[in-house]
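Here is how the chains run, residue by residue.
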Amino acid sequence: DYVVTPSGSCTGAVREQHTRIAERYGSKQLVAGTKKTTAKTLDFSEFIVDVMGTYDVGAFFPHRVTYHSTCHSRRFIKVGDRPTDLLKAVDGLELVELENVEECCGFGGTFAVKNADTSAAMVSDKVRHIKDTQAEYVTAGDSSCLMNIGGAMSRQYTGIRAIHMAEILASTRENPWTPESAAYTKEKML
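So, a few notes on the structure that sits alongside this text.

About the cut-offs
- Residues numbered from 1 in each chain as written.
- Predicted model: local features only at pLDDT ≥ 70, side-chain atom pairs only at ≥ 80, totals over all residues.
- Heavy atoms only, no water.
- Helix = DSSP H or I, 4+ residues; strand = E, 2+ residues; numbered from the N terminus.
- Rg over C-alpha atoms; globule rule 2.2 N^0.38 Å.
- Buried < 20%, exposed > 50% of the residue type's maximum accessible area, 1.4 Å probe, protein only.
- Contact = heavy atoms within 4.5 Å.
- Areas by Shrake-Rupley, 256 points an atom, 1.4 Å probe, with all protein chains shown as cover.
- Lys, Arg positive; Asp, Glu negative; His and termini not counted.
- Charge placed at Lys NZ, Arg CZ, Asp CG, Glu CD.
- Phe/Tyr/Trp six-rings, centres within 6.5 Å; stacked < 30°, edge-to-face > 60°.

1. Description of the overall build of the protein chain
Looking only at helices and strands, the protein chain has 10 helices and 6 strands in total. Over its C-alpha trace the protein chain gives a radius of gyration of 17 Å, about what one expects of a compact globule, namely 16 Å for 190 residues. In terms of its C-alpha atoms, the protein chain occupies a principal-axis envelope of roughly 50 × 45 × 35 Å. Residue burial in the protein chain is summarised as follows: out of 190 residues, 40% are buried. The contacts of the protein chain with a sequence gap of at least 6 include a subset with a gap of at least 24, amounting to 75%. When the accessible area of the protein chain is evaluated, it comes to approximately 10,800 Å², of which 52% is carbon and sulfur surface. Here the protein chain holds 22 positive side-chain charges and 24 negative ones, and the gap between their average locations is 8 Å.

2. With respect to the packing of aromatic side chains
Going through the model one piece at a time under the given rule, you end up with 4 aromatic pairs. Ring centres of Tyr-2 and Phe-47 lie 5.6 Å apart, and the angle between their planes is 70°; this geometry places the pair in the edge-to-face category. Of this pair, Tyr-2 sits in the segment before strand S1 (3-5) while Phe-47 sits in helix H3 (residues 44-51), placing them 45 residues apart in sequence. When its relative accessible area of 45% is taken as the criterion, Tyr-2 is described as partly exposed. Measuring from ring centre to ring centre gives 5.0 Å for Phe-61 and Tyr-137, while their planes differ by 65°; the resulting arrangement is edge-to-face. Remark: Tyr-137 occurs in strand S5 (residues 137-140) and Phe-61 occurs in the loop between H3 and strand S3 (64-67); sequence separation between them is 76 residues.

Nothing here speaks to function; it is geometry throughout.
Written out as structure tokens, the structure reads:
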């Protein structure tokens, strides 16, 4: 019924590019298929709020967290306040506002490779703002941004962890998220 992605950039690519590519290089049947798929492709936060009809998924995450609003989520797919509203409903979570939240982290796919110095300066600014919040965790709805920010924070020895919003929403009192459980999951997946 739905295609749900844990990444604003992936959702944006499906919605913005797949039909155009099919129109340019494919058949009428492929165009029809991409339009059908595009119409039912949702970001993780859109699915929870708009389809499941809830903000409170029963999560428990007793930590100080700041939210990075990713460019694709904000500009292309326009998730609005859904992610922060979901985080505000998490039991125990203290959500702290990130200064200049609208600024890019500098990843942007090939942008980080083609413009490495500019990208490094952008993520350095982002990390400075994250550190200013005194958060334990930074979260977002896009793994590529979290990888970029998390890598920069690790190189700067900030002690702040980057964690996907889905991991926070999956954490409960009975089954809390820990760095060890995340490592186990990643190891198990490999």
